[in-house]
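Topology and contacts: notes
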Amino acid sequence: MIQLQNIFKWINTGSNRVFILKDINLEISKGDFVSIMGPSGSGKSTLLNIIGMLDQASEGSYLFNQTDVYALKEKQRSQLYKENIGFVFQAYHLIDELTVYENIETPLLYHNIKQSDRQAMVADILDQFNIVGKKDLFPSQLSGGQQQLVGIARAIITKPTLLLADEPTGNLNSSQGEEIMELFRKLNEENGTTIIQVTHSEKNAAYGKRIIELLDGRIEKK
Amino acid sequence: MIRNFFVIAWRNITKNKIFSFINIAGLGIGMACTIMIFLWVQYEKSWNKTQKNYDQVFEGFSTRNFNGELSTGSDLMFPLPKAAKENFPEVEGSTLVSYGENTLFTVNDKKIKRPTIHVTNDFFDVFTYEFIHGDESAIKEPNGIVVTESTARALFNNTDVIGKIVELNRYRSVTIRAVVKDVPPSSTLLFDAIVPFDASSDWVKQSLTDWVNCNNRAFFKVKKGTSIASLEQKLLTLIKKSSPAENPTTRGGLLLQPMSKWRLYEEFRNGKNTGGRIQYVNLFSWIAIIILIIACVNFMNLSTARSEKRAREVGIRKTLGSEKKQLLLQFICESILVSMLAFLLAAALIYTGLPFFNRLLNQQISIPYQSPVFWLGILGIIILTGIIAGSYPAFYLSAMKPVKVLKGSFLPGKQALLPRRILVTAQFAVSIVLISATIIIYQQIRHVQNRDLGYDTNNLIMVNATGDMGKNYEIMRNSLLQSGMIEAVNTTSLPVSNIFGFTSGVRWAGAPEDPNLIIGFLGSGEHFADIMKARMLDGRDFKKGDSNCVILNKEAIRVMKLKNPVGSTINWAGRERRITGIVDDLIMTSPYALPIPLMLAYDPNWIGSLNIRIKRGVEVKKALQLIETIYKKYNTEYPFEYTFADTAFNEKFANEKLIGNLAFIFASLAIFICCLGLFGLVSFSIERRTKEIGIRKILGASVQSLLALMSKEFLLLVFISFAIAIPFAWWLMNTWLSNFSYRIDIGIGIFFFVGIITLLICLITVGLNAFKTATANPVKSLRTE
Ligand SMILES: Nc1ncnc2c1ncn2[C@@H]1O[C@H](COP(=O)(O)OP(=O)(O)O)[C@@H](O)[C@H]1O
Ligand SMILES: [Mg+2]
């Protein structure tokens, strides 16, 4: 599904070139569940963003489902992104002015899904996540764990083939974290969603089928 | 999707109350200005549109050389319209119309004065009106007149008045033959009755073949597709052929002005139509648009300044699959919603402000609720405002990269700082130009009002009079003077508040061969200098027993190049006249113009105006009562009508005062909107710096130093805008002042004054905001972090 070859990422600060990622080669196949670990500042988020097409590598090639991502036009790339990728963030990133229901509904709007279908899909997922009673609340009225549940519901409602999660449990206590991890496992096993998560916790990382260690922008071991 | 956009837009508007208030108030005021100005423009452009031959009717203008200056006027000779129609097939209709006069209507005991026009009987070939009774043939009869509905009601309490007999000015008996609907106030020809020239009068009989004297207006209805330039040439040739000798008119040019230009292009300079009211209409249209843009700029500035918050939303939406154009659409929807709310405010402002605006402009502009074009225009303004205000923030925000904005450490408000500074500077520059312009306009008006006119307009009243007064004048004068309330009395051929008569017929020994020497004239009885409190430079005033005397003013002596004038003679209107005195220049025409040469001819029986000067300190109301009693005693026929000379003089400022007032209103609104925007920007900047300010305070910073810290940035911008605005304002107002011969010079002082005002306003705006933060307890602001 994903083939990264000789990926470099650097930024120019003045005359200096600071490398964030150095020669990353990585292959992830459909249905995989990968945990990325590493100390702070090692480039995990950067790598995830590159995979998620939010950021571009400075050098190297990226094939997604055999398509050369960097050869695509902006519009085609957004299309590819829209059809395949869902994001979950450590800071949840819900839209404060929208209710739970509206937050979950938003990606469906961008996927041009009919009103009646939208209603059914949102109702379904609210039910599945056990948050029906919270649908008219605003994010500020929810606990962190509940916000992250909404964040995940919003990420998977469009049925992405690839779910990217950047420290999804970073702001949660361990029991809330466990709940999220169980959810990921279920998604991976039952729906076949490919998942790549960044985490600091060994325990959570163990939910993955394999673990990638990043150190100083390099992959240490597979 | 759109619904979702409006939902979030509405929640954002209600959540950020200050921000929304500033935007909606600014845009609302801007829109109200724009809509009112456009209503006014629409009204000005609608003048005469009720005329059916709107596209075909032209007014004749002659350009004559007056002492070396080309002067264009609509006064033409009596036989011209008729001759034009007879000679040129492209002239479908033509008519001669008087300039309008107040006519006394008498029916039994009822006496009322109404504005009338005198016309030749082909008037309705050119002009069209809605008849209630009778028809166009009414004025074909020698003494048949047409009255308006309101005149009919005023005279007879109903409109069915065909065949009724009315006496005009106590000498001419006429019959009402038709009644028309009242003429809309937006008409060049305004009247309450149309009266055919009195064919039996000597004046008309003489005028029929008089191709020299020009006293009336000539109108032509021209076949569609006619070349106007060639018709102008033909008319001029006709005039030259028909005139017995060369005169300023035959040497001049002839111009046909289409009806569509009568109202707005009424100004001629050097024989060319140079515009007129249209310049002010255009100027204020631009000012209205600029005010709206200033308000839009507020929206842009505040939106980009507080984009931190929205940037995160953009990032999230992009990760949820939004395309850039969908985000653009969302932000535009949001600004259109703000713009719609602003319109609600604008509607309320227009509704309450229009009567005031009408009073200011002295017009009757109404809101055309019925007109779909009006509502389309409104819709256009709402959408356009939304798009203009929203487009820059929309592009700016929708271009945010999710990786950057979702990190959390990112402060997007810091970006777009330069564009924001440029916009604020531009806003203030415009306001400074407007403020400077307002002050300079007021200064110019005051300067002209304080001009030495060469006579005293205070306590001088001019009573309408007729030649009949000559009989009783001496008795009247004596009883007036005996009362002790009156200082002086005199008669003149016309009111002294203007000069209407000009002549090129003055001859004297050694006169230069200048065919273009034109001198204004006024008939006067004795004590002219006395009543006017004018300065005699040489010789003496008129006195009883004089005959065939003239007084010339300084300017007349100058243009006539007379040496030792007093005692020498001139010839005018067939008589030798002795120059008894020289009077200082009198500013009786435009107060902005240079003095014009004037000849006062002594004639105690040539009476159009009875001039009375009330003694200083006498109660004017009492004096007026006395004058009225005495006047009525000796003039039973004619109603008592008077004008104060100072009022008549002040009317000459009406246009400039209006411009001054409009400029003042718009300048105030512009600066107010700018300050709203500044207030918003300052509060965001302070919000971001709360922590910094708290720390500085703990470190011992004084309130003053904190205020200085927070205002420094904005004050610098105001200084820059000042530097940009001043040269422009100077240039602009110098151009405006060049319209006037008598004018002020722009001093640097004005700009200092404007600078200090602007600075003060800004300091107050910033201070209002900053003071609270500077004096707040620092521990609180730090704890909230
Ligand atoms: N836009 C940027 N500008 C400067 N430094 C950056 C930028 N993006 C990332 N970095 C730096 O690159 C390194 C890797 O960042 P990141 O991928 O966020 O690490 P991680 O997620 O593993 O903590 C860090 O040292 C970070 O400071
Ligand atoms: Mg990270």
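Residues numbered from 1 in each chain as written. Chains lettered and ligands numbered in written order. Predicted model: local features only at pLDDT ≥ 70, side-chain atom pairs only at ≥ 80, totals over all residues. Heavy atoms only, no water.

In terms of helices and strands, chain A carries seven helices and ten strands. Computed over the C-alpha atoms, the radius of gyration of chain A is 18 Å, within 12% of the 17 Å expected from 2.2 N^0.38 for a compact globule of 222 residues. Summarising its shape, the C-alpha atoms of chain A cover approximately 50 × 40 × 40 Å along the three principal directions. Counting only contacts in chain A whose residues sit at least 6 apart along the sequence, the fraction spanning at least 24 positions is 70%. In the structure as shown, chain A presents an accessible area of about 9,900 Å², 45% of it carried by carbon and sulfur atoms. (Helix = DSSP H or I, 4+ residues; strand = E, 2+ residues; numbered from the N terminus. Rg over C-alpha atoms; globule rule 2.2 N^0.38 Å. Contact = heavy atoms within 4.5 Å. Areas by Shrake-Rupley, 256 points an atom, 1.4 Å probe, with all protein chains shown as cover.)

All right, on to a nonpolar patch on the surface then. Residues and elements named next belong to chain B. Side chains of Leu-376, Leu-379, Ile-383 and Ile-387 sit close together on the surface and give an oily, nonpolar patch of about 350 Å² of accessible area. By the secondary structure assignment, Leu-376 is in helix H11 (residues 372-398). On the basis of relative accessible area, Leu-376 is assigned to the exposed category, the value being 59%. (Patch = residues over 30% accessible without salt bridge, like charges linked within 9 Å, V, L, I, M, F, W, Y side chains within 5 Å. Salt bridge = Lys/Arg side-chain N within 4 Å of Asp/Glu carboxyl O. Buried < 20%, exposed > 50% of the residue type's maximum accessible area, 1.4 Å probe, protein only.)

What follows deals with empty space enclosed by the protein. Residues and elements named next belong to chain B. Throughout the structure, instances matching the rule amount to six cavities of 30 Å³ or more. When its volume is computed, the largest cavity comes out at roughly 180 Å³. Lining the largest cavity are 17 residues, with Phe-19, Phe-299, Ser-303, Arg-310 and Glu-334 positioned closest to its centre. For the lining of the largest cavity, the elements supplying multiple residues, two or more each, are helix H1 (2-15), helix H2 (17-45), helix H8 (277-305), helix H10 (324-361) and H11. No other element matches the four residues that H10 contributes to the lining of the largest cavity. Classifying every residue of the lining of the largest cavity gives seven nonpolar, seven polar and three charged. (1 Å grid on protein atoms, 1.4 Å probe; cavity = no way out; pocket = protein on both sides within 12 Å on 5 of 7 lines; lining within 4 Å. Points joined across faces, edges and corners; volume = space filled by probe spheres on them. Nonpolar A, V, L, I, M, F, W, Y, C, P; charged D, E, K, R; others polar.)

Residue and element names in this part refer to chain B. Closest axis-to-axis distance for the helix H20 (residues 703-737)/helix H21 (residues 748-775) pair is 9 Å, and the angle between their directions is 155°. It follows from the interaxial angle that H20 and H21 lie roughly antiparallel. Where H20 crosses over H21, the handedness of that crossing is right-handed. (Axes fitted to C-alpha atoms, helices over the stretch in contact; angles between N-to-C directions. Parallel < 35°, antiparallel > 145°, perpendicular 65-115°, else oblique. Left-handed = near helix turned anticlockwise from the far one by under 90°.)

Bringing helix H17 (residues 620-634) of chain B into the picture now. Residues and elements named next belong to chain B. Compared with the 21 Å implied by 1.5 Å per residue over 15 residues, the 21 Å span of H17 between its first and last C-alpha is a close match. Among all positions of H17, only Ala-623, Leu-624, Leu-626, Ile-627, Ile-630 and Tyr-631 are buried. Angular distribution of buried residues about the axis of H17 spans 160°; they occupy a single face of the element. Residues of H17 that are exposed and angled more than 90 degrees away from the buried face: Lys-621, Thr-629 and Lys-633. (Expected span 1.5 Å × (residues − 1). Arc of directions from axis to C-beta.)

Take the domain arrangement of chain B next. All names here are of chain B. Its domain assignment divides chain B into domain 1 (2-42 + 279-447 + 654-782), domain 2 (57-271) and domain 3 (460-652). Taking only C-alpha atoms into account, the centre of domain 1 sits 56 Å from that of domain 3. Listed by partner, the interface residues are six residues for domain 1 and seven residues for domain 3. At the boundary of domain 1 with domain 3, the tally comes to zero salt bridges. At the junction of domain 1 and domain 3, the tally comes to four residue pairs in polar contact (both at pLDDT 80 or more). Residues of the side of domain 1 that touches domain 3, tallied by class, amount to three nonpolar, two polar and one charged. (Domains from an automatic or database assignment. Polar contact = N/O pair within 3.5 Å; in protein donor to acceptor, adjacent residues only side chain to side chain.)

So, on to the environment of Ser61(A). All names here are of chain A. Relative to the helices and strands, Ser-61 is located in strand S4 (residues 59-64). Residue class for Ser-61 comes out partly exposed when judged on its relative accessible area of 23%. Between the alpha carbons of Ser-61 and Leu-163 there is a distance of 21 Å; along the sequence they are 102 residues apart. Apart from the residues within four sequence positions on either side, Ser-61 is in contact with Gln-3, Leu-4, Gln-5 and Ile-7.

Here the focus is the pairing of strand S15 (residues 272-275) of chain B. All names here are of chain B. Pairing of strand S14 (residues 267-269) with S15, which is carried by three bridges, proceeds in the antiparallel orientation. In the strand pairing of S15, Phe-268 is matched with Asn-273. Between S14 and S15, which pair antiparallel and follow one another directly, the connecting turn spans two residues, one of which, Asn-270, has a positive phi of 50°. (Pairing = 2+ DSSP bridges.)

Let us now look at the packing of aromatic side chains. All names here are of chain B. Evaluated as defined, the whole model comprises 35 aromatic pairs over all chains. For the pair Phe-374 and Trp-375, a centre-to-centre distance of 5.0 Å together with 70° between the ring planes defines the contact as edge-to-face. A relative accessible area of 40% means that Trp-375 is categorised as partly exposed. Between Tyr-631 and Phe-640 the ring centres are 5.3 Å apart and the planes differ by 55°, which places this aromatic pair in the tilted class. Residue classification places Tyr-631 among the buried residues on the basis of a relative accessible area of 1%. Given a relative accessible area of 13%, Phe-640 falls into the buried group. (Phe/Tyr/Trp six-rings, centres within 6.5 Å; stacked < 30°, edge-to-face > 60°.)

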